[in-house]
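Each chain is listed here by its residues.
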Amino acid sequence: MTDAPDPLVIFTPSGKRGRFPAGTPILTAARQLGVDLESVCGGRGVCSKCQVAPTFGEFAKHGVTSSEGAVGPMNAVEQRYDRVRGLIDGRRLGCQATVQGDLVVDVPADSQLHKQVVRKRAEARTITMDPATRLQCVEVEQPDMHAPTGDLERLKTALALPDLQVPPAFLSHLQPLLRKGNWQVTAAIFEDHTGAPPRLLDLWPGYRETPLYGLAVDLGSTTIAAHLTRLDTGAVVAASGVMNPQIRFGEDLMSRVSYAMMNPGGAAEMRDAVRTALADLAAALVAEADLDARDVVEATIVCNPVMHHILLGIDPVELGQAPFALAVSDALNLAAGDLDLGTINPAGRVYILPCIAGHVGADAAAVALSESPHRAEPLTLIADVGTNAEIILGNKSKLLACSSPTGPAFEGAQIAHGQRAAPGAIERVEINPETKAPRIRIIGNDHWSDAEEFGTDTAVSGICGSGIIEAVAEMRMAGVMDASGLIGSAEQTGSDRCVPDGRTYKFLLWAGGETGPDIYVTQGDIRAIQLAKSALYAGARLLMDELGVDHVDRVVLAGAFGAHISPKHAMVLGMIPDAPLDQVSSAGNAAGTGARIALCNKAMRAEVEALVRQIQKVETAIEPRFQEHFVAANALPHASDPFPHLRAVTPLPDVQFNAAAGQGRRRRRRDG
Ligand code: FES
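This is a predicted model, so every value here is computed, not measured.

## Quick word on the packing of helix α6 (residues 266-288) against helix α7 (residues 305-312)
- Direction vectors running N to C along α6 and α7 enclose 90°, while the axes themselves pass 7 Å from each other. For the element pair α6 / α7, the angle class is roughly perpendicular. Facing Ala 267, Met 270, Arg 271, Val 274, Arg 275 and Leu 278 of α6, the residues of α7 in contact are Met 307, Ile 310, Leu 311 and Leu 312.
- Among the residues making up the contact of α6 with α7, the classes are represented as 8 nonpolar, no polar and 2 charged.

Here's what the structure looks like:
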C-alpha cells in the first residue's frame, strides 16, 4: 500500500500549483511556489495583507475537488483578528489558515504584493508595484542580561537585515520606541536597485496600518507638477501643479541661463526659489491628503537639463553654449535634505532620473520610460513639444534622441492674438471649405461657437497653442492659405474674412463685436508657426536619416501641449512625419508618468538608466542636414515629402497666392 500523496494546492489567478503536507500555512505554500502574496508582519496575523479566498467545489479545469475541510479551522490568532477587525466573508488569513486537503485558493488583487496599476490609456504600459521602500512589521526580542546585545542589533536580527544602515539620529529614539510598541515595531526599509545596503527610513511602534507615500515630480520650466502616490497600490491621492517661480528670472530656459551668467549669485537665487516651491507643493499635497509629512518617504523628479542643474545648485552656464556639457548626467540618489525638501519625511530619499544629453533631459528619459519604444518593434517617434522639442526615434533595436529649438510659438507666444491655454482661449477651429466660415471652441465652454448653447455674450480672449495649430491647418485645408504659407486676398480666396494687413493679408477667425476683440490669424503668425514646425520636423527627419529610415510607424505627442494637439492638424502643418492617423496619439504628461513609474517600481530605475545609456544622441546645432531639412519643411505640409497617409484622408487644395497676389494688387492700383 502506498501513502496518499500530500494535498494539492492551486493558486488562482496565477495557476501555480504544488503539493504540501497537511498543516502547511497557505502563505508558506504561496511563498514556496513564488505566488505573489503580500505579508508585512511576516506571518504573525497582524497585518492582514495576506488575505486569501479558498474556493470549494469541483474544478474540472484544475482536475481537483476542494471540500470545506480542505482548509483548517480558524486558530486563536485568526479568530482574534476576525473578532477585532473583521474578515470579509470567505476570506482567510493566509499565514494562519492551513492546507488540509486538495485546495483551490484565490489571491485577490488587494493581497498581491506586485499590484498592477490601472492606467487610462489602453496602449500604456502597466505599472507593477515594487517600490524601493517597504514596510516591515517585526517582533524584536526583548533584552536579556545573559545575552547582552543592543536593541538595534536585535532589531536588525528581527528584520533579518544584518547590514541595515541606520541614521545616527535614530539611535536616540530607538529604545523608547521599542518599549512603546511592546517590542513590536514597523520599519520603513529603503532598498533600491543599486545594490546599496538597505537603509532604515523610519520606525513606528506596533503595527503601522497606514501605507507609505511618495511624490512623483515633473519639474518643468513653466510649471511644477506633483502626484502624491500610495506606495502600496500606486493610487494617486492628491495631485497639483504650481507655476515655476523661476519664471520671474526669465520665461524660457536660455534666459534663465543668461540670468545666471549676468547676475552673481543668480543660480543660487533660482535654486532657492525652485526648492522652496517644491517644498511648498509637497506640503500642500500632504495637507490635502490629510497625511503626516513623515508618511511621505520618497520622491522621484524629472526635469530638463537646465532645471536639473539649477535644482541641484549647479550653475547652468555650460548648458548655454556648445558643447552643452552636463555637470552630471547619471541618475542621482539623494537625501530629501540635500534638496531642502523639509516637508516630507526627514530621512526621505529622492531619485532624480538620468539626463540623456545637454539638451535632452531627464524629462525625455522619463517619456521614453513611459512610452517604452525600446520594447517594441514598430518605429516610434516621440515628440515632447515645448519651447524646445525633445525628440526620440527608434524601436527595440536602436534609439536616437535630439532636441530642436521650436521656440515659443506653439505655446501661443509670438502670435498676434496668442495666449497661454486658459479659459476664453480658442483651442479648436474648423473652417468650412465651401463658405470659408470658421467655427471655434474655447477653453471653458463645451460648445462650438455655431451652437446655440455657446452663448452670444461669450468673451473670446485669444488663441492658445493647440488653437493656432488647428487654425493654420484649417486655413490650409479650406484654401485660404497656400502651401507656402501665404494667406490669399478676399478676391483670391472668395472670403471677405481675408483682409489686408500692411503688405500681406490676415484672416478673421472671430469677430468679437461687443464681447471682445476681433481675433485674426496674421501672416506673421503663420511665419512663426512655420519656423516652429520646421524645427520640429527637421529634428525628426534628422533622426530618420541617422537611423536610415524613410518612414515611422507610430507618432506619440507628449507633454501638456501634445495632449491637446489634433493629430490630423499636426500632420497638415507638417509638424510630424506622415504616418497612419490612427497611429498618432497623445501621451499626455508622459514625463510625469515616467516619474511615477520610477517611484512605484525600483527595477524601472535600472531600466531607465540602461535606456539612457543605450540612446544615441544627435546634435542638431552642428548638423548641416538639419538646415536643409528645416528649409524643405517650411512648406505646408512639406516641399518634397509626399505625406501619402495624410493626402488619403484630407484633400489639400492646390492654391497659390504668391505671384497672383502681386499682380492682383498691381492691377487694382492701375485700375484705380
Ligand atoms: Fe500579516 Fe498574515 S502576513 S496577517
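## Concerning the environment of Val 242
- With respect to the element layout, Val 242 can be found in strand β15 (residues 236-243).
- Each C-alpha atom of the pair Val 242 and Asp 654 lies 46 Å from the other, and the pair is 412 residues apart in sequence.

## Quick word on the sheet that holds strand β20 (residues 389-394)
- Across the sheet, 6 strands lie side by side as β29-β28-β19-β20-β21-β30; this open sheet has mixed pairing. Edge strands, defined here as strands with exactly one partner in the open sheet, are β29 (584-588) and β30 (616-617).
- Across 2 bridges, strand β21 (residues 399-404) lies against β30 in parallel orientation. By the bridge assignment for β30, Leu 400 is matched with Gln 616.
- Sheet strands in contact with helix α8 (residues 362-371) are β19 (380-385), β20, β28 (554-558) and β29, and its direction is about 40° off that of β20.

## Some remarks on the nonpolar core
- By size, the foremost hydrophobic cluster in this structure holds 72 residues, and its most contacted members are Phe 410, Ile 426, Met 475, Leu 509, Val 521 and Met 575.
- Counting residues per element, this core draws most heavily on helix α11 (residues 523-547), at 13 residues.
- In contact with Val 521, other than residues within four places in its own chain, are Ile 463, Ile 468, Ala 471, Val 472, Met 475, Ile 487, Lys 506, Phe 507, Leu 509 and Ile 526.

## Remarks on the sheet that holds strand β27 (residues 519-521)
- Reading across from one edge, β25-β26-β27 is the order of the 3 strands in this open sheet, with antiparallel pairing throughout. Looking at strand neighbours, the two that pair on one side only are β25 (498-501) and β27, the edges of this open sheet. Along the sheet, successive strands turn relative to each other by an average axial angle of 45°, direction set aside.
- Alignment of β25 against strand β26 (residues 504-510), held across 4 bridges, turns out to be antiparallel. By the bridge assignment for β26, Pro 500 is matched with Tyr 505.
- Lying on the sheet, α11 is in contact with β26 and β27; it crosses β27 at an angle near 55°.

Rules of the game
Residues numbered from 1 in each chain as written. Predicted model: local features only at pLDDT ≥ 70, side-chain atom pairs only at ≥ 80, totals over all residues. Heavy atoms only, no water. Axes fitted to C-alpha atoms, helices over the stretch in contact; angles between N-to-C directions. Helix = DSSP H or I, 4+ residues; strand = E, 2+ residues; numbered from the N terminus. Parallel < 35°, antiparallel > 145°, perpendicular 65-115°, else oblique. Contact = heavy atoms within 4.5 Å. Nonpolar A, V, L, I, M, F, W, Y, C, P; charged D, E, K, R; others polar. Pairing = 2+ DSSP bridges. Core = buried A, V, L, I, M, F, W, Y, C linked by side-chain atoms within 4.5 Å. Buried < 20%, exposed > 50% of the residue type's maximum accessible area, 1.4 Å probe, protein only.

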